[in-house]
Amino acid sequence: KYAGFEETGDEHRVVLQGLDFGTFTLTIDEIVGDAIASSTSFIDIPVTPITKGEVRLTNLEQAPILMLDVNGDGIFDAELSPSQSFDPRQFIELLRKTVISFEVSGELESKILHALDKVLNFWESGKINQIENEIKMLNNSLQAFVNIPKKEISSEEARALVNLLSQLLIRF
């Protein structure tokens, strides 16, 4: 989707609402004449149907901040700075908040969060092979919940996590 406005010195708010489970990339371009003068992006941000976001723009000389409400309670849970590439730390931190926002049983939630912490630690220490193994093990565990809904997690939430973890896996 695209939106445009003239730079007037007024503040412009861009309000985002998640529509489905997945990721999104938000790119803000400054157009001068027919050319892109500058570009700012927020890349591969995890999203669910209850995710809300907001960016306030007054001028493009100052980098915008993307504020996210991951759990839909009206309170921003994260403030993201733009980046030129995928940020694994940011993705994993947002994925953790997403898991917490789901109605997952305490034991399964702990298992998922522990696995995500391990993935982050492996990434920070450069152990890329171990990242792949950890994500695949977690995905296999969650896959059991996709086809057979259980009280620990809904099949929709399990499927969403499997998809998000798969997107994370292809980045390593």
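One can find the structure itself at the top, above this paragraph.
So, a few notes on the structure that sits alongside this text.

Reading the values: the criteria
- Residues numbered from 1 in each chain as written.
- Predicted model: local features only at pLDDT ≥ 70, side-chain atom pairs only at ≥ 80, totals over all residues.
- Heavy atoms only, no water.
- Helix = DSSP H or I, 4+ residues; strand = E, 2+ residues; numbered from the N terminus.
- Expected span 1.5 Å × (residues − 1).
- Buried < 20%, exposed > 50% of the residue type's maximum accessible area, 1.4 Å probe, protein only.
- Contact = heavy atoms within 4.5 Å.
- Salt bridge = Lys/Arg side-chain N within 4 Å of Asp/Glu carboxyl O.
- Core = buried A, V, L, I, M, F, W, Y, C linked by side-chain atoms within 4.5 Å.

## Here's the deal with helix H2 (residues 106-124)
Relative to the 27 Å expected for 19 residues at 1.5 Å per residue, H2 spans 27 Å between its end C-alpha atoms, a close match to the ideal helical length. If you check which residues of H2 are buried, you get Leu108, Glu109, Ile112, Leu113, Ala115, Leu116, Val119, Leu120 and Phe122. Buried residues along H2 sit against helix H1 (88-101), helix H3 (128-147) and helix H4 (155-170).

## Points about the pattern of salt bridges
By the definition in use, this model includes eight salt bridges. Arg56 is the salt-bridge partner of Glu54, the closest N and O atoms lying 2.5 Å from each other. Here the residues in one salt-bridge network are Arg13, Glu54 and Arg56, joined through shared partners.

## Points about the environment of Val47
Inspection of the secondary structure puts Val47 in strand E3 (residues 35-47). The spacing of Val47 and Gly18 is 29 residues in sequence and 5.9 Å in space, taken between C-alpha atoms. With near-sequence residues (within four places) excluded, Val47 lies in contact with Gly18, Asp20, Phe21, Gly22, Thr23 and Phe24.

## A word on the nonpolar core
Ranked by size, the top nonpolar core spans 28 residues in total, and within it Ile112, Leu142, Ile153 and Leu161 carry the most contacts. Contributions of two or more residues to this core are made by H1, H2, H3 and H4. Top contributing element to this core by residue count: H2, with eight residues. Sequence-distant contacts of Ile153, that is, excluding residues within four places in its chain, are made with Glu103, Val104, Leu108, Leu142, Phe145, Ala158 and Leu161. Among the nonpolar cores identified, the runner-up in size contains twelve residues, and Phe42, Ile45, Leu68 and Val70 belong to it.

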